[in-house]
Amino acid sequence: MTSILLPASHEFETQDIFVNMGPQHPSTHGVFRMVLEIDGEVVRDVLPYIGYLHRGAEKLCETMDYRQGIGFMDRTEYLAAFNAELSYVMAVEALAGIDVPERAQWIRMILCELNRLSSHFMFLGAFGVDVGVLGTSFTYAFRERENIFDLFEEICGDRMMYAYFRVGGLAWEVTDNFVTRVNQVLGMARQGIADLDGLLTQNEIFQARTRGIGHIPAADAIDWGMSGPSLRASGVALDVRRDEPYLFYPQVKFDVITGTNGDVYDRYLCRLREMHESIKIVEQCLQNLQPGPIVPERMSRLLRTPPGEVYIRTEAPRGEYGVYMVSNGGNRPWRCKVRSACLSNLQALRDMTVGHYVSDAVLILGSIDIVLSEVDR
Amino acid sequence: MRGLIRSFVTTGATFLRKPVTREYPETHRELPERDRAFPLLLWDQQIDEPFCTGCHACERACPVECMTVLMKDNPNHTSQGGTSSRRKIIDKFWIDYGRCMRCNICVEVCNFDAIGMNNTWSGHESSAVDRLDLVMDLQQLLSQSRAGAVKPWIAP
């Protein structure tokens, strides 16, 4: 009987194989496809494909007047729509030279920070699933996220696509019990952060999975144009809220959270600790909130902007969200370019992933908190 | 080991808390007053006709062009011996719910408060098998307000 085993002297000819991940893979957080060249279990190369969620929001904005464009900005970043709206309306306000009333600005700040909380909750939940917590972190995070969304729904009627900010202020006044409701939500959010903190941060299995993985040095992170918590985890204290303040951020006290190693664990920890800062900011905003108008008194119904160009950047949960807007004097932008943090953060994916295991590739992708609607726009 | 124990303590504590989930199709959460589902046309109960005059304001302002509006002379106008002060009135109105992105702009631009966002569960549970079933005609848009089933919140 002949043996089916090859003789020991035979030399195997091995080659790298290509594994296609996505676009329907649940751990790619949307429709993102990456082709992994793997040698055994080690990733040798990553080839990302984006564009599955491209809706042409920038081009659509050129055909819409300034109010109509707000709805499309919501959809460019659906996990933190208030932050996306904010950049857009601030760009138009800068073009048209509109002064926003104080009350509207404070409310904008509160809503943006609450949106940052809800977005980071989403990250914590999804990241836990990537690590392998099997949905426990997901349900915890979603429970808290629901509370924040309930508040948003009471104020502006929708849970994700708010369309609430307007050029010059807000669409309508917040509810009468706004302050008590925000305080209530903050209390629940604190409990939720403590839960997730207790579930994940010190867990030895979690740490073994995340520490020392997806490391990116500060210099490389800057070179790739990363921003937000992904950059701060590498030790670069860059926060648009502090470095190029907008709204009333100079009047509130908060710390810019930075990491040291720039690995997956630091990026997780950075976001977790940033949530406490968001709560601090919202509390200070509530103290400063005074009754008053929410739209400027003299506001023309048909808004036209003088010719010019402007670039406004704000700190969205995932990093710098900028809107570059060119006007040629009409009632709609001539060009509306969105600079999204996720696209820039994604550039560093290859640097972070090569040399790690396939199972870690999922983690690294999750750790930059990717939102594909923001990448493709 | 300490971290693992802390994780188990967290899950154990959560296990003892009250559940936050609902048996969805059977029980519904109470929706806030400002909830936005899909736009509806409103019915003037006093004169027994729609508020809408077919002025095309919402149609022009809609970012996704989901509306089609046609107006006609109002047969119930006072000059015709009727009781209404509306010279023109809506003749045909279609809203494609499949296109609508619920941005509330149509409600804001309306000068007659004739259109409002449905703030009941009927607006959220409006799935259809065929895409064409989502194109609502005037009758469908008015029926809920006419029956007094919805009172949309319109920003002051």
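Higher on the page you've got the structure.
Residue positions are counted from 1 within each chain, in the order its sequence is given. To label them, take the chains in the order written and letter them from A, then take the ligands in the order written and number them from 1. Only residues with pLDDT of 70 or above have their local features reported here, since the model is predicted, and side-chain atom pairs are shown and tallied only from 80 upward, although totals for entire chains, interfaces and linings are computed over all residues. Only heavy atoms go into the side-chain values, all of them from the structure, while hydrogens and water stay out.

### Regarding the sheet that holds strand E8 (residues 335-339) of chain A
Either a parallel or an antiparallel arrangement is found when strands of a sheet pair, and the pairing is made through backbone hydrogen bonds. Residue and element names in this part refer to chain A. Our working definition: By the convention used here, strands pair only if DSSP detects at least 2 bridges between them. Strands are runs of DSSP state E lasting at least two residues, helices are runs of H or I lasting at least four, and both sets are numbered from the N terminus onward. Each axis is a line fitted through C-alpha atoms, taken for helices only over the stretch in contact, and angles between the N-to-C directions span 0 to 180 degrees.
Across the sheet, three strands lie side by side as E6-E7-E8; this open sheet has antiparallel pairing. Of all the strands in the sheet, just strand E6 (308-316) and E8 have a single pairing partner and so form its edges. Direction aside, neighbouring strands of the sheet carry axes that sit 15° apart on average. As paired strands, strand E7 (residues 319-327) and E8 are joined by five bridges and run antiparallel to one another.

### Focus on the environment of Glu41 of chain A
All names here are of chain A. Operational definition: Between two residues, a contact is recorded if the distance between any of their heavy atoms is within 4.5 Å.
By secondary structure assignment, the location of Glu41 is in the loop between strand E2 (33-39) and strand E3 (42-49). Separated by 317 residues in the primary sequence, Glu41 and Val358 place their C-alpha atoms 5.9 Å from one another. Beyond its immediate sequence surroundings of up to four residues, Glu41 is in contact with His356, Tyr357 and Val358.

### So, helix H11 (residues 264-288) of chain A
Our working rule: To estimate how far a helix should extend, the number of its residues minus one is multiplied by 1.5 Å. Note on exposure labels: buried denotes an accessible area under 20% of the residue type's maximum, exposed denotes more than 50%, and partly exposed covers the range between, all computed with a 1.4 Å probe on protein chains only.
End to end, H11 of chain A covers 37 Å across 25 residues, agreeing with the expected 36 Å (1.5 Å per residue, within 8%). With 18 of 25 residues buried, H11 of chain A is to be regarded as a mostly interior element.

### Considerations on the sheet that holds E3 of chain A
Residues and elements named next belong to chain A. Pairing is antiparallel across the open sheet formed by three strands, whose spatial order is E1-E2-E3. On the outer flanks of this sheet lie strand E1 (17-21) and E3, each paired with one strand and no other. For this sheet, the mean inter-axis angle between neighbouring strands, taken without regard to orientation, is 25°. On the sheet, helix H14 (residues 358-367) packs against E1, E2 and E3 and is oriented at approximately 145° with respect to E2.

### Notes on the state of the cysteines
All names here are of chain B. For the record, the criterion: Note on disulfides: each one is a pair of cysteine sulfur atoms within 2.5 Å.
Under the criterion given, the structure shown has zero disulfides over all chains. There is no disulfide at Cys58, and the cysteine sulfur nearest it, in Cys52, is 6.2 Å away. Judged by relative accessible area, which is 11%, Cys58 ranks as buried. Cys100 takes part in no disulfide bond, and the closest cysteine sulfur, belonging to Cys66, lies 4.6 Å away.

### Some thoughts on the pattern of salt bridges
All names here are of chain A. For clarity, the cut-off: When a carboxyl oxygen of Asp or Glu lies within 4 Å of a side-chain nitrogen of Lys or Arg, that pair is called a salt bridge.
One pass over the full model with this rule turns up 43 salt bridges over all chains. Between Arg143 and Glu144 there is a salt bridge whose closest N-O contact spans 2.8 Å. Taking relative accessible area as the criterion, Glu144 reaches 4% and is therefore assigned buried. Arg271 serves as the salt-bridge partner of Asp369, at 3.8 Å between the closest nitrogen and oxygen. Taken together, the residues Asp369 in the loop between H14 and helix H15 (372-376) and Arg271 in helix H11 connect sequence positions 98 residues apart. An identical accessibility class is assigned to Asp369 and Arg271; each is buried. A network of salt bridges, in which partner residues are shared, links Glu113, Arg116, Arg232, Asp239, Arg241, Glu274 and Glu315.

### A look at the nonpolar core
Convention followed: Throughout, nonpolar core names a set of buried Ala, Val, Leu, Ile, Met, Phe, Trp, Tyr and Cys residues whose side chains join them through atoms within 4.5 Å.
With 153 residues, the main nonpolar core has Tyr88, Leu114, Tyr164 and Met325 of chain A together with Phe93 of chain B as its most contacted residues. Ranked by the residues each element gives to this core, the list is headed by helix H4 (residues 102-131) of chain A, at 16 residues. Excluding residues that lie within four positions of it along the chain, Phe93 of chain B makes contacts with Leu41, Cys52, Cys58, Met67, Thr68, Val69, Met136, Asp137, Leu138 and Leu141 of chain B.

### As for the interface of chain A and chain B
The condition is simple: Put simply, buried area is how much 1.4 Å-probe accessible surface two parts lose in total, over both of them, once they are put together. N or O atoms closer than or at 3.5 Å make up a polar contact, with two conditions inside protein: a donor-capable atom paired with an acceptor-capable one, and, for residues adjacent in sequence, both atoms drawn from side chains. Lys, Arg, Asp and Glu make up the charged group, whereas Ala, Val, Leu, Ile, Met, Phe, Trp, Tyr, Cys and Pro make up the nonpolar group; the residues left over, Gly among them, are polar.
Listed per partner, the contact involves 36 residues of chain A and 32 residues of chain B. Between chain A and chain B, roughly 2,700 Å² of surface is buried when both sides are summed, and carbon and sulfur atoms account for 47% of that area. Summed over the shared surface of chain A and chain B, the result is seven salt bridges. Here Arg29 of chain B and Glu153 of chain A are joined by a salt bridge, their closest N and O atoms 2.7 Å apart. Summed over the shared surface of chain A and chain B, the number is 20 residue pairs in polar contact (both at pLDDT 80 or more). Elements with a contribution of two residues or more to the side of chain A that touches chain B: helix H2 (66-76), helix H5 (136-156), helix H6 (178-201) and helix H7 (204-210) of chain A. Here the element with the most residues in the side of chain A that touches chain B is H5 of chain A; it accounts for eight residues. The class makeup of the residues in the side of chain A that touches chain B is 13 nonpolar, nine polar and 14 charged.

### Re the packing of H4 of chain A against H14 of chain A
All names here are of chain A. To keep it simple, the criterion reads: Orientation categories follow fixed angle ranges, with anything under 35 degrees roughly parallel, anything over 145 roughly antiparallel, 65 to 115 roughly perpendicular, and all other angles oblique.
Running from amino to carboxyl end, H4 crosses H14 at an angle of 175°, the nearest separation of the two axes being 9 Å. The angle between H4 and H14 falls in the class roughly antiparallel. On H14, the residues touching Phe123, Phe127, Asp130 and Val131 of H4 are Val362, Leu363, Gly366 and Ser367. Each residue belonging to the contact of H4 with H14 can be placed in one class, and the counts come to five nonpolar, two polar and one charged.

### Description of the side chain of Thr14 of chain B
Along the chain, Thr14 of chain B falls in helix H1 (residues 2-15). Since its relative accessible area comes to 12%, Thr14 of chain B is described here as buried. A distance of 3.1 Å separates the side chain of Thr14 of chain B from the side chain of Tyr140 of chain A, its partner in a polar contact. A polar contact of 2.7 Å, which involves the side chain of Thr14 of chain B, links it to the backbone oxygen of Thr10 of chain B. When residues no more than four places from it in sequence are discounted, the contact partners of Thr14 of chain B are Tyr140, Arg143 and Asp195 of chain A.

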